[in-house]
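Survey of secondary and tertiary structure
For reference, the chains in residue letters:
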Amino acid sequence: TENQIVVGNKGNEDELIQNQIVRANEGDVQSMLATGDLFYFGARGLPRDQIRALEYYNNAAQLNNPSGMCRAAAMYLKGEGTIMNSSKA
């Protein structure tokens, strides 16, 4: 139904997205990656925000998560959300 399609697509006003952001900020690595993806792609009604995406990927990388490391490295290599930095990548 139309109600089900709207759930999870209201951007910053969406309860599901807000819960995921809370979990990410509390240290849940999978939520960090998923939240980073939401901001990187501008998905589910959120604006595209590469700076915030990189922050979430870096947080996952600092917890030794390989996916977080790869996503952050790719952004550093391309200069997305930051100045291009191949040595940091």
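In this section: the overall build of the protein. Within the protein one finds five helices and zero strands. N-terminal to C-terminal, the α/β element order of the protein is α-α-α-α-α. Within the protein, the proportion of its 89 residues that are buried is 34%. Of the contacts formed within the protein by residues at least 6 apart in sequence, a portion of 38% connects residues at least 24 apart. For the protein, the exposed surface amounts to about 5,500 Å²; the carbon and sulfur share of it is 50%.

Another aspect to go through is the pattern of salt bridges. In total, this model carries two salt bridges according to the counting rule given. Here Arg71 and Asp37 are joined by a salt bridge, their closest N and O atoms 3.3 Å apart. Within this pair, whereas Arg71 is found in helix H5 (residues 66–78), its partner Asp37 is found in helix H3 (residues 29–41), the two being separated by 34 residues in sequence. Arg71 gets classed as partly exposed once you look at its relative accessible area, which sits at 30%.

Compared with an ideal rise of 1.5 Å per residue, which puts 13 residues at 18 Å, H5 spans 18 Å between its outermost C-alpha atoms and is within 8% of the ideal. Listing the buried residues of H5 in full gives Gly68, Ala72, Ala73, Met75 and Tyr76. Each buried residue of H5 lies within a common arc of 160° when the element is viewed along its axis, so the set occupies one face. Residues of H5 that are exposed and angled more than 90 degrees away from the buried face: Pro66 and Cys70. For H5, the capping residue at the N-terminal end is Asn65, with a side-chain oxygen 3.0 Å from the backbone nitrogen of Ser67. Where H5 ends, the next residue or the one after it, Gly79, has phi of about 75°, a positive value.

The rules behind the values
Residues numbered from 1 in each chain as written. Predicted model: local features only at pLDDT ≥ 70, side-chain atom pairs only at ≥ 80, totals over all residues. Heavy atoms only, no water. Helix = DSSP H or I, 4+ residues; strand = E, 2+ residues; numbered from the N terminus. Buried < 20%, exposed > 50% of the residue type's maximum accessible area, 1.4 Å probe, protein only. Contact = heavy atoms within 4.5 Å. Areas by Shrake-Rupley, 256 points an atom, 1.4 Å probe, with all protein chains shown as cover. Salt bridge = Lys/Arg side-chain N within 4 Å of Asp/Glu carboxyl O. Expected span 1.5 Å × (residues − 1). Arc of directions from axis to C-beta. Polar contact = N/O pair within 3.5 Å; in protein donor to acceptor, adjacent residues only side chain to side chain.

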